[in-house]
Amino acid sequence: MTSQKKKGRVFSGARPTGRQHLGNYLGAIKNYVALQDEYEECIYCIVDIHALTTVDTTKELKNNTYEMALDWLAAGLRPDDSIIFVQSHVPEVAELHTFLSMVTPLGKLTDLPTFKEKIRYQPQNINYGLVGYPVLMAADIALYKAIVVPVGVDQAPHIEFTREVVRSFNYHYNTNVLIEPQMKATKVPKVLGIDGENKMSKSLGNHIELASSPQETQQRVMQMVTDPQRARRADPGNPDVCNVFTMHRIFSSEEEVETINVECRKAGIGCVDCKKMFAKNLNEHLAPFRARRAKLAEKPDDVWGVLDDGGKRARAIAGQTIAEVKEAIGLP
Ligand code: TRP
């Protein structure tokens, strides 16, 4: 199979948010794992510097990085194939960020919808780093000359910005050292939280953690909001508006999905039983992941070792790019 892999580098990054949830898994991690078989080289980065733009305490940063790495490895990222590393371990990214900032019109950054949304969340902390967030992200990607960037659609403006800033840099310094990446939008169903209303997210507390015990998972699943119109067991339900049904479609067999689709509509199955079925299937699906995770967690030093090694491999590439960039700029 190796010979059939596509050439070129894949790069993606995620902020260290600690233990990962179903939304992270379906929206990113699953895709990261699959891309390892499709492309020759994949680089996955835990973007701890980006995290500093929004957190007010860094107390949890190390542990969140560790927990996220554990989940990534347990889910199937292979350190022998992929480079898995921590952003701050490669200081060259800060250098490239600075160089790219010189060809970035400030207005472009303040116009970005992602920036506007962030300042709505933290009007008391509109820091310089927050404005420069997309420049740092562009530096992440450009530093490794990645051609494919798998991200959710919410990141589209950042990828477009990256392409523009790469073009500006190359034009301004009359070079072609940096490469314009392509976005690879992850096609995933919108993963809602247990509230059945908002996107699953740790900050909203509506998430289901991958690493939870089967019992905890079942408890969380039982809290899931179903079709709000279905108040009583005897009422017919509508799977089309039910988040539990959406999850069944991902984790349950075709027969089960079909049964629920029919029975829910005529009150043949109740929400409690429907959720129990989902919890069981989810736990079965996650069992191998959880076993691998427990095994990895026995040796935390090895997990840090993977990140350490990834950092070294990343730095080798980064150093090369920075040398070319400085040369192109004409720095003495
Ligand atoms: N901005 C991305 C997010 O919030 C995270 C990120 C940082 C990233 N650097 C990146 C994603 C480089 C892809 C490539 O999800």
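For the structure, check the block above.
Below is a summary of the structure that appears in this document. (Residues numbered from 1 in each chain as written. Predicted model: local features only at pLDDT ≥ 70, side-chain atom pairs only at ≥ 80, totals over all residues. Heavy atoms only, no water.)

### Brief notes about the pairing of strand E2 (residues 39-46)
The buried fraction of E2 is high, at six of eight residues. Direction of pairing for strand E1 (residues 6-14) relative to E2: parallel, over a ladder of seven bridges. Considered in E2, the bridge of Arg9 is made with Glu41. With respect to chirality, the unit in which E1 leads through helix H1 (residues 22-38) into the neighbouring parallel E2 is right-handed. In terms of strand pairing, E2 meets strand E3 (residues 83-86) through four bridges, oriented parallel. From the neighbouring strand, Cys45 faces E3, where its bridge partner is Phe85. (Buried < 20%, exposed > 50% of the residue type's maximum accessible area, 1.4 Å probe, protein only. Helix = DSSP H or I, 4+ residues; strand = E, 2+ residues; numbered from the N terminus. Pairing = 2+ DSSP bridges. Right-handed = clockwise from strand over helix to strand, strands pointing away.)

### So, the environment of Leu204
By the secondary structure assignment, Leu204 is in the loop between strand E5 (182-185) and helix H10 (214-222). Through-space distance from the C-alpha of Leu204 to that of Thr246 is 20 Å; in sequence the pair is 42 residues apart. For Leu204, the contacting residues outside a window of four places in its chain are Asn198 and Lys199. (Contact = heavy atoms within 4.5 Å.)

### Some thoughts on the pattern of salt bridges
Applying the stated criterion across every chain yields a total of 23 salt bridges. Here Arg293 and Glu67 are joined by a salt bridge, their closest N and O atoms 2.7 Å apart. Taken as a pair, Arg293 in helix H13 (residues 271-297) and Glu67 in helix H3 (residues 61-75) lie far apart in primary sequence, 226 residues in all. A relative accessible area of 7% places Arg293 in the buried class. Overall, Glu67 belongs to the buried group, its relative accessible area being 13%. Via salt bridges that share partners, Arg19, Glu67, Asp71, Glu209 and Arg293 belong to a single interconnected network. (Salt bridge = Lys/Arg side-chain N within 4 Å of Asp/Glu carboxyl O.)

### Considering the site of the ligand
Arg15, Tyr133, Met137, Asp140 and Gln155 are the nearest of the 13 residues found near the ligand. At 3.0 Å, a side-chain N or O of Arg15 approaches an oxygen atom of the ligand. A distance of 2.7 Å separates a nitrogen atom of the ligand from a polar atom in the side chain of Tyr133. For the shell around the ligand, the element with the highest residue contribution is helix H8 (residues 133-143), accounting for four residues. Here the shell around the ligand is built from residues that sort into seven nonpolar, four polar and two charged. (Near = heavy atom within 4 Å. Polar contact = N/O pair within 3.5 Å; in protein donor to acceptor, adjacent residues only side chain to side chain. Nonpolar A, V, L, I, M, F, W, Y, C, P; charged D, E, K, R; others polar.)

### A closer look at the side chain of Ser82
Tracing the sequence through the fold places Ser82 in the loop between H3 and E3. Other than its neighbours up to four places away in sequence, Ser82 contacts Gln36, Cys42, Tyr44 and Arg313.

### So, the packing of helix H4 (residues 92-101) against H8
Remark: H4 packs on H8, axes separated minimally by 8 Å, with the N-to-C direction vectors making an angle of 115 degrees. In the packing of H4 onto H8, the handedness of the crossing is right-handed. Contacts between H4 and H8 involve Glu92, Val93, Leu96, His97, Leu100 and Ser101 from the former and Val135, Leu136, Ala138, Ala139, Asp140, Ala142 and Leu143 from the latter. For the contact of H4 with H8, the residue count by class is nine nonpolar, two polar and two charged. (Axes fitted to C-alpha atoms, helices over the stretch in contact; angles between N-to-C directions. Left-handed = near helix turned anticlockwise from the far one by under 90°.)

### Description of the packing of aromatic side chains
This structure, assessed with the given rule, holds seven aromatic pairs. Ring geometry for Tyr32 versus Tyr44: centroids 4.4 Å apart, planes at 15 degrees, classification stacked. Taken together, the residues span a long stretch of sequence, with Tyr32 in helix H1 and Tyr44 in strand E2 at a distance of 12 residues. Using a relative accessible area of 3% as the deciding quantity, one classes Tyr32 as buried. With 6.1 Å between their ring centres and 45 degrees between their planes, Phe251 and Phe278 make a pair best called tilted. Placement of Phe251 in helix H11 (residues 243-251) and of Phe278 in helix H13 is noted, with a sequence separation of 27 residues between them. According to the relative accessible area criterion, Phe251 is buried, its value standing at 10%. Residue classification places Phe278 among the buried residues on the basis of a relative accessible area of 0%. By the ring-pair criterion, three or more aromatic residues cluster together here, those being Phe11, Phe85 and Tyr144. A cation sits over an aromatic face here: Lys118 above Tyr133, 3.7 Å from the ring centre. (Phe/Tyr/Trp six-rings, centres within 6.5 Å; stacked < 30°, edge-to-face > 60°. Lys NZ or Arg CZ within 6 Å of the ring centre and 35° of its normal.)

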